[in-house]
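# Architecture and fold: a report
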Amino acid sequence: MELVMAILIGVLFTAAVYLILSRSLLKIIIGTGLLSHGAHLLILTMGGLGGLAPPVISEGVTDFADPLPQALILTAIVISFGVTAFMLVMAYRAYAVHKTDDMNQLKGNDEHD
Amino acid sequence: MINLPLLPIILPFLFAILLLFFKENVRIQRALSLVGVIISLIASFYLLVTVKSEGVLAVTLGSWPAPFGISMVSDMFSALLVTTTLLITLFVVVYSFTAIGEERERFFYYPAILFMVTGVNGAFTTGDIFNMFVFFEVLLIASYLLIVLGGEKKQLRESIKYILVNVVSSALFVITVAYLYSVVGTLNMADISVKITEIGQPGIITVIAVLMLIVFGVKGAIFPLYFWLPGSYAAPPVPVLALFGALLTKVGVYAIMRTYTLFFTHNVGVTHEILMVVSVLTVIVGCVGALAYFDLKQIIIYNIVIAVGVILFGAAQMNEAGISGAIFYLVHDMLIKGALFLLIGIIIYVTGTSNLRKMGGLMKTHAPLGWFYLIAAFGLAGIPPLSGFIGKLLIAQGAFEAGNVWGSIIILASSLIVLLSVIRIFIYAFWGEPMELPKTKRKPYARMMLPTIVLVVLSVLYGVGTEWLIPYVTDATDVLLQPSIYIDAVLK
């Protein structure tokens, strides 16, 4: 199971890096979404898969799932949702103002304004 | 008062939420944010005094015992930084009353500042590595808002890059925390330190140390990872720039110092060697950048990069002089960068441009501005008895003790280049032929000068009053050099 997860995370990271390196702003944002999904799955895998019982304290159960990675993922998912939503709004505003979503045309520094 | 370390985090948060309800009323926004910052500042001073008398304070939230629950830890190092943060925020808030403009004030400018301070203070105080990630996100999301607030063309363009860089580095932070959790099985920083000592830092932990350096290096703008900083920081208006320059990179520096003195102390030959080489390179590229530009903002922004390099070079020495020099220089740099940014904000307001070639002769019309700029510039370069001197002296002393002669020579030589770069601003802007100034009102100028002068005077006092500060810095150094103090306080 760990091997499957590792391959899945690798595929997600590969796709994320490919998308982030592209020129279109929307693809970059999708890329960051995939990147954070990969990171969340990595936490789950690193915390150790398995454990038959749910992580609730009860008598006589020793083989329970580790609750901590799940709590961490929950927090991280909420944060990445918020940031992604904010980025989408930003990208829309930048598109409205600059009339382009091509990162090459969003280059420049102070002296070129 | 066991909950004392939480006050500088919760109070700005509370006032930020209150401010959200009074969006349209600028007067209430100003008054409430001022009151909020002052109350938090008083709380943080009280915290500083308490930490001084009682040692490290630790709060375990929800009374879960330490390695399982989330702990917030206030040692002298974090208490000093929390107090400095709130001090600078106070002056920037007062400065913003005149400098930021009502349009932005109506659009959640003050709540964003207070939320950012919540995140910064939280990141300084937390004793839990995952919570550090959460507080980083709090301060980053508030900074995303601050950097784009106003929606100018340039701001939109630069903020996209800023957000992208930080999102990627945050993902890397989560990945690093996941690796660390899989190796040591705990998130409490004191407990991580104990576990790493037990297993004696095998190779995988050293790899995680380098990953941590990359993650925090992006936030703190160290050598190969500083590329986003000059463009992004030049976009927002000056009060925001002052906050970012004084606080945000320092959170990254704090995180590097904390992890490299608490966790990764058993293979110093690899981890701290890398840190030292990287910090010297950071100083060098910062010097090149500071000399390359003819733009006020860019020159001071590259000075941030230089300061980050100097502080981390001190921290990499891992001896008493080096670490206490780094702490001295860290607090000095927060104060002086805040003051310098506020000063160049006034210069930009008076001349209407940030291009050095288009200004001159300000000394005749705005003499006080010139003199205070000169004092701040000397303070930044570290001319005794001003505040930059003692920190750099200790850092150089630590480096000589540790036998890193070349590094400390480069650090000392960089002082000259820092002096050259800021004096260049003085020569171009204040000497020479007076240029025709755009018509600006005197009243806002006077109101902007007031908080700036107080901040410059404070930075001078920081240099002159070094003797009174020594006990505080010694306490902070002790905690960093002897992790057992920190661990005992958290794990009881």
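This structure is a prediction, so every number in the text was calculated from the model and none was measured.

Rules of the game
Counting restarts for each chain: residues are numbered from 1 in the order of the written sequence. Starting at A for chains and at 1 for ligands, labels are handed out in the order in which the entities are written. Under the rules for a predicted model, residues below a pLDDT of 70 receive no local features and side-chain atom pairs below 80 are neither given nor counted, while totals for whole chains, interfaces and linings still include all residues. Excluding hydrogens and water, the side-chain values take into account all heavy atoms of the structure. A cavity, in this analysis, means grid points on a 1 Å lattice covering only the protein atoms where a 1.4 Å probe fits yet has no way out; a pocket is instead an open set bounded by protein on both sides within 12 Å along at least five of seven lines, and a residue lines either one if it has an atom within 4 Å of a point. Grid points are joined across faces, edges and corners, and a volume is the space filled by probe spheres set on the points. Note on conventions: DSSP H or I runs of at least 4 residues are helices, E runs of at least 2 residues are strands, and numbering of each starts at the N terminus. Amino acids outside the nonpolar list (Ala, Val, Leu, Ile, Met, Phe, Trp, Tyr, Cys, Pro) and the charged list (Asp, Glu, Lys, Arg) are all regarded as polar, and Gly is one of them. Multiplying 1.5 Å by the helix residue count minus one yields the expected span of that helix. Whether a residue is buried, partly exposed or exposed follows from its accessible area with a 1.4 Å probe, protein chains only, as a fraction of its type maximum: under 20%, in between, or over 50%, in that order. Residues are treated as being in contact if the distance between any of their heavy atoms lies within 4.5 Å. Any pair of Phe, Tyr and Trp rings, taking the six-membered ring for Trp, is counted once the centres come within 6.5 Å. Such a pair is stacked with planes under 30 degrees apart, edge-to-face with planes over 60 apart, and tilted for the rest. Charges are assigned to positions over rings by a cutoff of 6 Å between ring centre and Lys NZ or Arg CZ, combined with an angular limit of 35 degrees from the ring normal.

## Regarding empty space enclosed by the protein
The full count for this structure, using the stated rule, is five cavities of 30 Å³ or more. Here the largest cavity is characterised by a volume of approximately 180 Å³. What lines the largest cavity is a set of 17 residues, among which S36 and S80 of chain A together with V167, S170 and A171 of chain B lie closest to the centre. At the level of secondary structure, the elements contributing two or more residues to the lining of the largest cavity comprise α2 (25-46) and α3 (67-98) of chain A together with α6 (129-148) and α7 (153-184) of chain B. Top contributing element to the lining of the largest cavity by residue count: α3 of chain A, with six residues. Looking at the lining of the largest cavity residue by residue, the classes come out as nine nonpolar, seven polar and one charged. A volume near 80 Å³ is recorded for the second largest cavity.

## Re helix α17 (residues 387-401) of chain B
Residue and element names in this part refer to chain B. The end-to-end C-alpha distance of α17 is 23 Å, a good match for the 21 Å that 15 residues give at a rise of 1.5 Å each. Turning to α17, its buried residues are S387, G388, I390, G391, K392, L394, I395, A396, G398 and A399. Where α17 is buried, its residues contact α13 (296-316), α14 (320-351), α16 (367-381), α18 (405-430), α19 (442-464) and α20 (466-481). Immediately beyond the C-terminal end of α17, within one or two residues, lies G403, with a positive phi of roughly 85°.

## Let's talk about the packing of aromatic side chains
All names here are of chain B. Under the defined criterion, the tally for this structure stands at 25 aromatic pairs over all chains. With 5.2 Å between their ring centres and 70° between their planes, Y109 and Y110 make a pair best called edge-to-face. With relative accessibility at 1%, the residue Y110 sits in the buried group. Over the ring of F107 we find K23; its NZ or CZ atom is 4.5 Å from the centre of that ring. Residue placement shows R424 over the ring face of F294; its charged tip is 5.0 Å from the ring centre.

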